[in-house]
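Structure assessment
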Amino acid sequence: MTLFSLSKYLNDGDLDVFQISVAEQRVFLDSLPEPQSDVERSLNQFRCQGFFNRKTRKALIFNVVSVITLPFLITFFLFKAFFVSKTKSINYIMEDNGMPEIIPLSLQKEFNLIPIVIKPMLLQWTDLKFLKRLFSVFFGHPFYLLKGLANLAQYSYIRKKYSPRLIVRAEEDSASSSLLTAYCNSFGIMHFNVMHGEKLFNIRDSFFHFNRCYVWDNHYKELFISMRAETNQFIIELPPSLIINVEQYKNHQSYAKYKYYLQSFSEEELLGIISSLPVPLNDSSKIKFRPHPRYSDLGFLYKHVPKNFIEDPSEVSILESISNLDYAIGSFTTVLLQAYYNGKIVILDDVTFLGQYNKLKEMQYLLIEKEIPVLSKWSDN
């Protein structure tokens with residue numbers, strides 16, 4: 001069996017959030033006991049994430065491998081600590097994940113965060129007491145023990161190397177998040193989280209707890225609380241990634257009254273989009289299409305749309321694109337959120353993508369909750 005076929009075998013059977021109704025997720029979420037500690041919060045989030053795996057063979061294989069691997073990893077990580085020494089103190093650390101623009105300005109100003117790659121692993125003897133607590137809660141979940149151990153070992157490395165007072169991550173979707181909050185706090189370290197992407201009702205993001213969790217809108221705070229995240233951690237602030245100096249990027253050559261932000265689409269869907277537009281394809285100052293650089297089929301696009309009606313992402317930045325439009329049209333993309341927060345009118349496509357629109361409505365998509373206009377009821381008059 002090749003590595004590819006093994007990976008396909010293990011992942012076969014996992015369902016994504018669009019395949020399970022919110023009602024089903026709620027029933028499972030409500031069936032879990034109220035956590036009495038952050039470690040128990042972590043266990044509940046792990047159970048919620050396992051809810052999407054409908055084939056037991058994957059869990060069985062991972063658990064067997066974990067039982068065999070755990071003792072060797074612990075020994076290796078403890079031994080590795082002898083070869084790592086403290087270099088310098090860095091009080092306030094943020095994960096270097098290539099997205100500094102997601103850090104709220106007030107947070108950066110308050111703590112002067114230094115980006116650090118969080119990858120190396122080790123364990124210190126002072127970690128053993130916490131590990132014992134971890135094993136007592138997760139004894140029946142060896143695969144999670146392995147994942148939790150790996151995450152804890154990364155933090156232990158950071159703790160030994162830099163002696164931080166604060167670690168900032170973008171990890172609310174990690175089942176280890178609450179566990180790592182407990183670990184940090186046990187050593188006097190604060191543990192913060194910053195939101196980094198669009199969120200829907202998805203119990204993969206349930207139960208988590210950080211000392212602070214920065215979210216983009218009160219909608220997300222209420223959404224996370226409805227999924228039983230700890231209630232007192234939230235701070236609402238837009239990050240630089242969602243704030244555009246529109247005047248700085250004004251460029252009449254990039255302007256169009258309407259811009260449709262494409263994601264993945266079939267040829268039939270593209271034809272549906274074209275036929276449902278509020279203006280015809282006869283004036284590129286009125287309508288432009290912006291394909292997604294990875295997901296959009298350019299062959300279909302250039303077959304049915306003249307080149308001068310297509311905005312090339314390699315030539316026009318997303319900041320310039322949003323700054324030079326009146327109306328942003330699309331289905332489900334963070335670009336629409338950027339447009340909304342920068343004063344542009346967003347129109348959701350409930351014509352070509354009606355099924356997705358109805359699913360997003362069920363999953364409490366922010367732009368639908370904000371009662372954004374829909375294409376089926378929009379007129380250019």
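For the structure, see preceding data.
Residues numbered from 1 in each chain as written. Predicted model: local features only at pLDDT ≥ 70, side-chain atom pairs only at ≥ 80, totals over all residues. Heavy atoms only, no water.

1. Looking at the environment of Asn185
Along the chain, Asn185 turns up in helix 8 (residues 177–186). When its relative accessible area of 35% is taken as the criterion, Asn185 is described as partly exposed. Taking the C-alpha atoms as reference, Asn185 lies 9.9 Å from Phe210; in sequence the two are 25 residues apart. Apart from residues lying up to four places away in sequence, Asn185 is in contact with Met190, His191 and Asn211. (Helix = DSSP H or I, 4+ residues; strand = E, 2+ residues; numbered from the N terminus. Buried < 20%, exposed > 50% of the residue type's maximum accessible area, 1.4 Å probe, protein only. Contact = heavy atoms within 4.5 Å.)

2. Quick word on the sheet that holds strand 9 (residues 325–330)
Ordered by their spatial adjacency, four strands build an open sheet running 8-7-9-10, and the pairing between neighbours is parallel. At either margin of the open sheet sits one strand with a lone partner, and together these are strand 8 (287–290) and strand 10 (345–348). Pairwise comparison of adjacent strand axes, ignoring direction, gives a mean angle of 25° for this sheet. Bridge count between strand 7 (residues 256–261) and strand 8: four bridges; the pairing is parallel. Counted as the bridge partner of Tyr260 is Phe289 from strand 8. (Pairing = 2+ DSSP bridges. Axes fitted to C-alpha atoms, helices over the stretch in contact; angles between N-to-C directions.)

3. Overview of the packing of aromatic side chains
Taken as a whole and judged by the stated rule, the model has 20 aromatic pairs. Here the aromatic residues Phe208, Phe210, Phe224 and Phe234 are joined through ring pairs into a cluster of three or more. Positioned above the aromatic ring of Phe187 is the side chain of Arg159, whose terminal nitrogen or guanidinium carbon lies 3.6 Å from the ring centre. Sitting over the face of the ring of Tyr295, Arg294 holds its NZ or CZ atom 5.4 Å from the ring centroid. (Phe/Tyr/Trp six-rings, centres within 6.5 Å; stacked < 30°, edge-to-face > 60°. Lys NZ or Arg CZ within 6 Å of the ring centre and 35° of its normal.)

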